[in-house]
Structure formats: C-alpha cells, structure tokens
Amino acid sequence: MKILVTGGAGFIGSHLCKFLLEKGHKVICLDNFFTGKKENIQQLERDSNFKVIAHDITDTKNSIDIKIPEGVDQIYNLACPASPVHYQSDAIETIKANTLGIINILEFAKLNGATVLQTSTSEIYGDPLEHPQKESYRGNVNTLGPRACYDEGKRVAETLFMDYHRKFDLSIRIARIFNTYGPNMDKNDGRVVSNFIAQALENKSITIYGDGSQTRSFCYVNDLIEGLYKLMSSGYNYPINLGNPGEFTILELAKKVIRLTDSDSEIINQNLPQDDPTRRKPDISLAIKKLSWNPTINLEEGLKRTISYFKDRH
Ligand code: UDP
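None of the values given here were measured: they were computed from a predicted structure.

Draft legend 1. Examining the overall build of the chain more closely. Per the secondary structure count, the chain includes 12 helices and 13 strands. Against the compact-globule benchmark of 20 Å for 314 residues, the chain has a radius of gyration of 19 Å, which places it among compact chains. Considering only C-alpha atoms, the chain reaches an extent of 55 × 45 × 40 Å along its principal axes. Residue burial in the chain is summarised as follows: out of 314 residues, 54% are buried. Sequence-distant contacts in the chain: of pairs separated by 6 or more residues, those separated by 24 or more amount to 80%. Counting only carbon and sulfur atoms, one obtains 47% of the accessible surface of the chain, whose full area is about 13,700 Å².

Here it is as structure tokens:
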C-alpha cells in the first residue's frame, strides 16, 4: 500500500515510518520540520520505498494533492507539536494544525478514498474527574487556559473526523494516545521523560514541577506503533485509547531514572504549570477487545532502552 504519514519526521512518526517500511509498504513522510528532525529519518531515506516531502498541512496555497498527485491508500495524521513547550510556543499555529490542517487532510483522504487515522490524545480528557479514563468520558478542559490550543484543538479535530465520517462516509480511525516515550525523543523536547533522562545523565538537578504527586501512564513507543497499526487495520471508526495503564507519580519516575542512570542528580521542585492534569491513566479494555492490543514493555524496561539511546546520541 501507499501510506502517507504526516509528521513523519517526529518522535512517533519516525518510528511509524520505519515500521510501515518493514511491513513492505511505500511510505510518504510529510513534515514541516517544526519539531520533526531530519536525523530521525536519515536511515530510512536509503529505502527506495520512502519519500520525504517538506510541507505544512496548514498551507492553503499548496494543497496536499499538489504535493502528492499520485494519491495514497492510507493516511496517519501525526502533524502537530505534542510537547507543551512546543505547542504553546505558537498557540495559534497549533490550533491551525488541528482545524485548517485537519480539513486539508480530510479533503485529501476524501479525494483518494483513503482511510485516515487521527492521532488524538489523552489531553482531550483535560484534568480528568473520572479515573481511569474510558473513551466514553467527555473530559474536563479549560477552554481559556494555555493548554487549550492543544486540548481543544485535538477535540475539534475529533469532531471534524466524525463529521466527515457521517457526511461523506469517510473511513476514519481515532487513536487517543497517552504519554509515550522512547528513542528519537529530542533532548530538548521539554517532556518529562526526556528532561529527566537528559538531566540525570549530565548529573544536573532533576526538575519536578509541583510536588511530584501528579501521575502519568507511560507507554513505550514500539507498543504504541503496534496499536496504531492494529487500529488502522481494524474497521473501527470511533475513538480508542492507546496507552500503558501502568500509572506512576512523577516523583516515582524521577527516582527510577536516577537509579537506572546511576546518577548523582538531586531532585528540585519548580512551579507546577497552569492546568497541569493531576492524574492520568487509560482504561484500555476497548483496545484489548477490538484490537487484541495490550502493551508489553513495562516502564523499567522502556526506560533502560531510552536511556541507552540518550547515552549514544547526546
Ligand atoms: N514535568 C516535570 N518536570 C519536567 C517536565 C514535566 O515535573 O521537567 C511534569 C509535568 O508538569 C507533568 C508531567 O511531568 O505533570 C508530564 O509532563 P509532560 O510535559 O511530559 O506531558 P503532559 O503534561 O502533556 O502529560
């Protein structure tokens, strides 16, 4: 199949491109290189089935079909900055990616009769009042806060997907991705796993925002990729959680990283960002039932692999 991966040079996108090439597909990677990195896809460029196109999905003058006139069978949309530091650095661009950009992708999918998968997010649940979060939970999001450009952006993106499905019978998939980590994360990504590992390896202070009692559930990237692929291959047109239900406090994460890196770093506390969700854990019973998917790599093992990548690269 010919498959388009938007945001294909990013952390998750680059793993997905590699996985799809290994399955024997032709892969077109589209990226505006705002947070995506050439080095993430450098090795893939040797493969004749891989093509890279520099393009911004929000570009209205040059539409996606001008860039890819030969069409595609499937689309994975990962084109959106995902770290709070990046998505808040230009909030309006983030909203554009999730509105204008989404419409451009959906129109391109319609034109091609392609199945299109949206990488949505656990952020659509906001600071959840239901725990763990099931797909039926409608969320608790501050429309006016600094995270809203991403949270509300991803919510309206889901709405657009559903409306194209209803109106045009477009074949859609919606993955609600929980915190993901692994190789190809940028050292300066600003997210907790990359920050802690980079700090620990340099024996710098580990920066815990708040008291570290907030929780997250961390999924290793290879598990996530399996889940995305299985979702695409399913006929399921509704949102589905993809994440590892193992829930850890940020303080627990910091201690694990210090132990696994044998670091001398001390832990320091900094201000908790506004609207930082207090806890997050996916209920993945739907993914188990519909996709026979269940993550296999626990936090300890995933951290070891990620630390080894950071040691080699940074
Ligand atoms: N966090 C932290 N120190 C850091 C970076 C993040 O304590 O150096 C916290 C952050 O406040 C949040 C959690 O770790 O509670 C996860 O943050 P991240 O930005 O990785 O993801 P998200 O908030 O989008 O889940």
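Draft legend 2. How the structure looks around the site of the ligand. Inspection of the region around the ligand gives 18 residues, with Thr207, Tyr209, Arg216, Asp276 and Arg280 positioned closest. Between the ligand and Asn195 there is a distance of 2.8 Å, counted from an oxygen atom to a side-chain nitrogen or oxygen. Among the elements of the structure, α8 (192–201) and β8 (206–209) are those that each provide at least two residues to the shell around the ligand. Each residue belonging to the shell around the ligand can be placed in one class, and the counts come to 7 nonpolar, 5 polar and 6 charged.

Draft legend 3. Region of interest: the packing of aromatic side chains. The full count for this structure, using the stated rule, is 9 aromatic pairs. When the centroid spacing of 4.3 Å and the interplanar angle of 10° are considered together, the rings of Tyr87 and Tyr150 count as stacked. Remark: Tyr150 occurs in helix α7 (residues 148–168) and Tyr87 occurs in helix α4 (residues 84–89); sequence separation between them is 63 residues. Look at Tyr125 and Phe178: their rings are 6.2 Å apart centre to centre, the planes differ by 40°, and that puts the pair in the tilted class. Note that Tyr125 is positioned in the loop between β5 (115–121) and α7 and Phe178 in the loop between β6 (172–177) and β7 (180–181), a separation of 53 residues in sequence. What links up through ring pairs into an aromatic cluster is the set Tyr125, Tyr137 and Phe178. Lys38 extends its terminal NZ or CZ atom over the ring of Phe33, reaching a point 4.4 Å from the ring centre.

Draft legend 4. Representation of the sheet that holds β6. Judged by pairing direction, the sheet is parallel, and its 7 strands sit side by side in the order β3-β2-β1-β4-β5-β6-β11 without closing on themselves. At either end of the open sheet lies a strand with only one pairing partner, and these are β3 (50–54) and β11 (239–242). Here the average twist between neighbouring strands, direction ignored, is 20°. With 4 bridges connecting them, strand β1 (residues 2–6) and strand β4 (residues 74–77) associate as parallel partners.

Draft legend 5. Fine view of the nonpolar core. Val5, Tyr76, Leu228 and Leu303 are the most contacted members of the largest nonpolar core, which has 58 residues in total. Of the residues forming this core, the biggest block, 7 residues, is contributed by helix α1 (residues 11–22). Apart from the residues lying within four places of it in its own chain, the contact partners of Leu228 are Ile12, Tyr76, Leu117, Thr119, Ala175, Ile177 and Leu242. Within the second largest apolar cluster, 25 residues are counted, among which are Leu4, Ile53, Phe108 and Leu160.

Draft legend 6. A look at unusual backbone geometry. A cis amide bond, omega -10°, links His131 with the succeeding residue Pro132. Along the polypeptide, Pro132 turns up in the loop between β5 and α7. You will see that Phe33, though not glycine, has its phi angle at about 60°, which is positive. Along the polypeptide, Phe33 turns up in the loop between β2 (26–31) and α2 (38–41).

Draft legend 7. The arrangement of the pattern of salt bridges in detail. If you walk through the whole model with that rule in mind, you get 18 salt bridges. The residue Arg155 makes a salt bridge to Glu152 at a minimum N-O spacing of 3.7 Å. Taken together, the positions of Arg155 and Glu152, both in helix α7 and 3 residues apart, correspond to about one turn of that helix. A residue is classified by how much of its surface remains accessible, and Arg155, at 27% relative accessible area, is partly exposed. Note on Glu152: relative accessible area 23%, which makes it partly exposed. Linked through salt bridges whose partners overlap, the residues forming this network are Glu123, Arg147, Arg216, Asp276 and Arg280.

Draft legend 8. The packing of helix α5 (residues 91–98) against α7, seen in detail. Direction vectors running N to C along α5 and α7 enclose 15°, while the axes themselves pass 8 Å from each other. The orientation of α5 relative to α7 falls into the category roughly parallel. As for the relative orientation of α5 and α7, their crossing is right-handed in sense. Here Ala91, Thr94, Ile95 and Asn98 of α5 lie close against α7, whose contacting residues are Cys149, Tyr150, Gly153, Lys154, Val156, Ala157 and Leu160.

What counts and what doesn't
Within every chain, residues take consecutive numbers counted from 1 along the sequence as written. Owing to the predicted nature of the model, reporting of local features is limited to residues with pLDDT of at least 70; listing and counting of side-chain atom pairs is limited to 80 or more, with chain, interface and lining totals taken over all residues. Remark: hydrogens and water are excluded; side-chain values derive from all non-hydrogen atoms of the structure. The numbering of helices and of strands both runs from the N terminus, where a helix is a DSSP run of H or I of at least 4 residues and a strand a run of E of at least 2. A radius of gyration in this sense is built from C-alpha atoms; the matching globule rule multiplies 2.2 Å by the number of residues raised to 0.38. Using a 1.4 Å probe on the protein chains alone, a residue whose accessible area is under 20% of its type maximum counts as buried, one over 50% counts as exposed, and one in between counts as partly exposed. For this analysis, residues touch if any pair of their heavy atoms sits within 4.5 Å. Computed by Shrake-Rupley with a 1.4 Å probe, the accessible areas treat only the displayed protein chains as cover when residues are assessed. Here a residue is near a molecule or strand as soon as one of its heavy atoms is found within 4 Å of it. Any N or O atom pair separated by 3.5 Å or less is treated as a polar contact, with the protein-specific requirement of one donor-capable and one acceptor-capable atom, and with residues adjacent in sequence counted only for side-chain atom pairs. Three classes are used: nonpolar for Ala, Val, Leu, Ile, Met, Phe, Trp, Tyr, Cys and Pro, charged for Asp, Glu, Lys and Arg, and polar for all others, with Gly counted as polar. Only centres within 6.5 Å qualify two rings of Phe, Tyr or Trp (six-membered ring in Trp) as a pair; their planes then separate them into stacked at under 30 degrees, edge-to-face at over 60, and tilted for everything else. Both a distance and an angle decide whether a charge sits over a ring: NZ of Lys or CZ of Arg must be within 6 Å of the ring centre and within 35 degrees of the ring normal. Any two strands between which DSSP finds at least two bridges are classified as paired. Every axis in this analysis is a line fitted to C-alpha atoms, fitted for helices over the stretch in contact. Angles between the N-to-C directions lie between 0 and 180 degrees. Note on terminology: a nonpolar core comprises buried Ala, Val, Leu, Ile, Met, Phe, Trp, Tyr and Cys residues joined through side-chain atoms within 4.5 Å. A pairing counts as a salt bridge when a side-chain nitrogen of Lys or Arg comes within 4 Å of a carboxyl oxygen of Asp or Glu. Here is the rule for angles: anything less than 35 degrees is roughly parallel, anything more than 145 is roughly antiparallel, 65 through 115 is roughly perpendicular, and the remaining ranges are oblique. In this scheme the crossing of two helices becomes right-handed for a clockwise turn of the near helix relative to the far one and left-handed for an anticlockwise turn of less than a right angle.

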